[in-house]
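Residue-level structural notes
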Amino acid sequence: MSYNKLLYHVVFRPKNSVPAIAEEHETLLYRYIWGFIRNKGCWLYRIGGMPDHIHILLQLPTTLALADFMRGLKTATNKYMSLHRDCFPLFEGWGKSYCAITCSYIDKDKVIDYIARQKEHHRVVDFKEELNDIFQVNHIYDSVDNFLGER
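This write-up is about the structure you can find in this document.

So, how was this worked out
Residues numbered from 1 in each chain as written. Predicted model: local features only at pLDDT ≥ 70, side-chain atom pairs only at ≥ 80, totals over all residues. Heavy atoms only, no water. Pairing = 2+ DSSP bridges. Helix = DSSP H or I, 4+ residues; strand = E, 2+ residues; numbered from the N terminus. Axes fitted to C-alpha atoms, helices over the stretch in contact; angles between N-to-C directions. Contact = heavy atoms within 4.5 Å. Salt bridge = Lys/Arg side-chain N within 4 Å of Asp/Glu carboxyl O. Buried < 20%, exposed > 50% of the residue type's maximum accessible area, 1.4 Å probe, protein only. Core = buried A, V, L, I, M, F, W, Y, C linked by side-chain atoms within 4.5 Å. Lys, Arg positive; Asp, Glu negative; His and termini not counted.

1. Some details on the sheet that holds strand S3 (residues 53-60)
Across the sheet, which stays open at both edges, the four strands sit in the order S2-S3-S1-S4 with antiparallel pairing between neighbours. For this open sheet the edge positions go to strand S2 (43-50) and strand S4 (94-103), each flanked by a neighbour on one side alone. Mean inter-strand twist for the sheet, computed between neighbouring axes without regard to direction, equals 20°. Here strand S1 (residues 6-14) runs beside S4; their pairing, made up of seven bridges, is antiparallel. Residue Leu7 lies in a different strand from S4, and its bridge partner there is Cys103. The strands touched by helix H2 (residues 66-83) are S1, S3 and S4; relative to S4, the strand with the most contacts, the crossing angle is about 135°.

Structure below.
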């Protein structure tokens, strides 16, 4: 048996950062994502975001690779949002990239709070600036423009 706590702060967005997640329907999508996470044997600590991106803090089991999880999540939510086109009329798919940062269990409450305050945070910081900060703090040396431009 393995013993671990693999927490990931994941950020992903609709294709071309289209604001496809209307605030009045985000809870439907977040509940669907929560169900997907639970069915994969993962633990959801927090989900939140804006119309043009989503943040998730979750724990993955050792039997599930992050890339496989994200591929499955994007595929499942793409189908869900396409079936609920009336709620997500601007959605045309997910961007190719995602950002996943490991998080220590000691820092999880800070990340939970950060995700919970997304709407307040984005009154003063746009998504590109937020990503730039995340990349710098976590020593990701690729360009945010590459993430957003889907090179």
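There's plenty left to go through after this.
2. Some words on the pattern of salt bridges
In total, this model carries six salt bridges according to the counting rule given. Here Asp107 ties to Lys110 by a salt bridge, and the two come within 3.6 Å at their closest N and O atoms. By relative accessible area, Lys110 is classed as exposed at 61%. Salt-bridge contacts for Asp113 lead to Arg117; the nearest nitrogen and oxygen are separated by 2.8 Å.

3. Here's the deal with the nonpolar core
Membership of the largest hydrophobic core comes to 29 residues, with the highest contact counts inside it found for Leu29, Ile54, Ile56, Leu58 and Phe69. The dominant element in this core, judged by the number of residues it contributes, is H2, at seven residues. The residues contacting Phe69, other than those within four sequence positions of it, are Phe36, Ile37, Cys42, Leu58, Leu60 and Leu64.

4. Notes on the side chain of Glu130
Considering the arrangement of structural elements, one finds Glu130 in helix H5 (residues 127-137). Among buried charged residues, Glu130 stands out as having no salt bridge; its nearest opposite-charge side chain is Arg13, 11 Å away. Excluding residues within four positions of it along the chain, Glu130 makes contact with His53, His55, Tyr114, Gln118, His121, His122 and Val125.

5. Quick look at the environment of Glu92
Mapping Glu92 onto the fold places it in the loop between H2 and S4. On the basis of relative accessible area, Glu92 is assigned to the exposed category, the value being 62%. A C-alpha to C-alpha distance of 6.6 Å links Glu92 and Lys15, two positions 77 residues apart in sequence.

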